[in-house]
Amino acid sequence: MEKTLVQNIGLLCTPLGSSVHAGEMQGQMEKIPEACVLMEDGIITYAGSQADFPMEKAQGAQVIDAKGSLVTPGLIDAHTHLVFGGWRQHEIPLKLAGAGYLDILRMGGGILSTVRHTREASEEELLQRSEGFLNEMLSMGVTSCEIKSGYGLDLENELKQLRVIKKLQETHPMDIDATFLGAHAVPEEYKDDPDGFVDLLVEKILPAVAEEKLARCCDVFCETGAFDVPQSRKVLMAGKALGLVPRIHADEIDAIGGAELSAEVGALSAEHLIASNEEGMQAMAKGGVIADLLPATSFYLDKTFAPARRMVELGIPVVIASDFNPGSCPSLNLPFAMNLGLLRYKLKPEEVLCAVTLNAACSVGMGDKVGTVEAGKQGDLVIWDAPDLDMILYRFGSNLCRTVIKKGRVAHEKG
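Criteria and thresholds
- Residues numbered from 1 in each chain as written.
- Predicted model: local features only at pLDDT ≥ 70, side-chain atom pairs only at ≥ 80, totals over all residues.
- Heavy atoms only, no water.
- Helix = DSSP H or I, 4+ residues; strand = E, 2+ residues; numbered from the N terminus.
- Buried < 20%, exposed > 50% of the residue type's maximum accessible area, 1.4 Å probe, protein only.
- Polar contact = N/O pair within 3.5 Å; in protein donor to acceptor, adjacent residues only side chain to side chain.
- Contact = heavy atoms within 4.5 Å.
- Core = buried A, V, L, I, M, F, W, Y, C linked by side-chain atoms within 4.5 Å.
- Salt bridge = Lys/Arg side-chain N within 4 Å of Asp/Glu carboxyl O.

A. Molecular detail of the side chain of His172. Mapped onto the secondary structure, His172 falls in the loop between helix H5 (155–171) and strand S8 (175–183). The exposure class of His172 is buried, given its relative accessible area of 9%. Within the local environment of His172, its side chain forms a polar contact with the backbone nitrogen of Met174, the two atoms lying 3.1 Å apart. In this structure His172 touches Glu131, Leu134 and Asn135, once residues within four positions along its chain are discounted.

B. Examining the side chain of Asp175 more closely. In this structure, Asp175 sits in strand S8. A polar contact is formed between the side chain of Asp175 and the side chain of Lys369, at a distance of 3.4 Å. There is a polar contact of 2.7 Å between the side chain of Asp175 and the side chain of Lys406. Residue contacts for Asp175: discarding those within four places in its chain leaves Thr143, Ser144, Cys145, Met366, Lys369, Val370, Gln378, Asp380, Lys406 and Lys407.

C. Expanded view of the nonpolar core. Judged by nonpolar contacts, the single largest core of 115 residues is most densely connected at Phe180, Val209, Leu273, Leu293, Trp384 and Ile392. No other element matches helix H6 (residues 194–212), which puts 9 residues into this core. Apart from the residues within four sequence positions on either side, Trp384 is in contact with Ser69, Leu70, Thr72, Leu75, Met140, Ile392, Leu400, Cys401 and Arg402. Membership of the second largest hydrophobic core comes to 15 residues, among which are Val37, Ile44, Val71 and Ile405.

D. Quick look at the pattern of salt bridges. Summed over the entire model, instances satisfying the criterion amount to 28 salt bridges. Where Glu264 meets Arg233, a salt bridge forms, and the shortest distance between an N and an O atom there is 2.7 Å. Of this pair, Glu264 sits in helix H8 (residues 258–264) while Arg233 sits in helix H7 (residues 229–241), and the two are 31 residues apart along the sequence. In this structure, the salt-bridge partner of Glu351 is Arg309, at a minimum N-O distance of 2.8 Å. Of this pair, Glu351 sits in helix H13 (residues 349–355) while Arg309 sits in helix H11 (residues 308–314), and the two are 42 residues apart along the sequence. Beyond isolated ion pairs, a larger network of salt bridges with shared partners links Glu146, Lys148, Asp177, Arg216, Asp219, Arg247, Glu271 and Asp292.

If you want it as structure tokens, here you go:
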């Protein structure tokens, strides 16, 4: 049996509740001073006071000294688009001149620019790039994540992206949740026939994704200039019929009914939600939909921030994720998104940590194994160069992650 003991923890901070239902105890933390955590074959078997720990149980264990620092669960990034070709730095002059997201998309840029580069890239090229992104995320304390397709927009290239994600699931230390986002934009070859593209997704691409078991979820960009509510409903219900869990990009730019649709189709999550109104949020609350919020995207696009405080008041489970992508958020720094959760969403530190651990775990279908530090859960921990939770939310722009433990083993250590 392989054992690892993390001792001399100054403060162990973890959300309460091993339930797979996000938000049930949102923002409630267990804070244990002078703690230790024992992991056996990658599973936590003790997490509590070091004074109460029977040290004979750690015989033969690898011992890691936390040196009086803060320890939390490994972070979980529940919304990324990290498998892509090319970059979009050439769009900066357009943005500075006042062009908006949809303006750039209409000019053939934005998502469509990335589609062209992704189609040109080989599977091996995409795999190597993506591995590098995951390693960088790991160095910041992220131990699990979600990855979407959506830069292929045809059968061959959507499957190519998803096969890259599958290889990453098989080879990278992180736990990875795969989402099919074929309905990310209308490709250039269907610009005059968006309904025809929806038919292609429903009749050919979705069945192929399901047959190869390449994704757990099906997502759609329900937005002005992308897919309307009837089109989005058609894609999500077709995916659901094939066993894919619905997710939805909703209310990023306009509240066109995406939040309400998320509740109607029984979506696991609605994502972005910058423009959400009271009706949409009420529907999500009644439907038990998780809100995946992306503050770094609001920051980069200079947009308003999602009404996170109101969502918490309504009992909607709130997740904070990076939205790493080459256009609207070219940053994979989840700790920075956490800083924004405090400063712009006005969430409490405990709510922010829950949003990137337990709630995020439930959003990616892993609430039964990660997201908290407690016996029976997977041994995913972060040791921080900080004495408490307030410090890591106070020090924006610095990577305070010292040691990352994944499944009971050191996966990254600051040099």
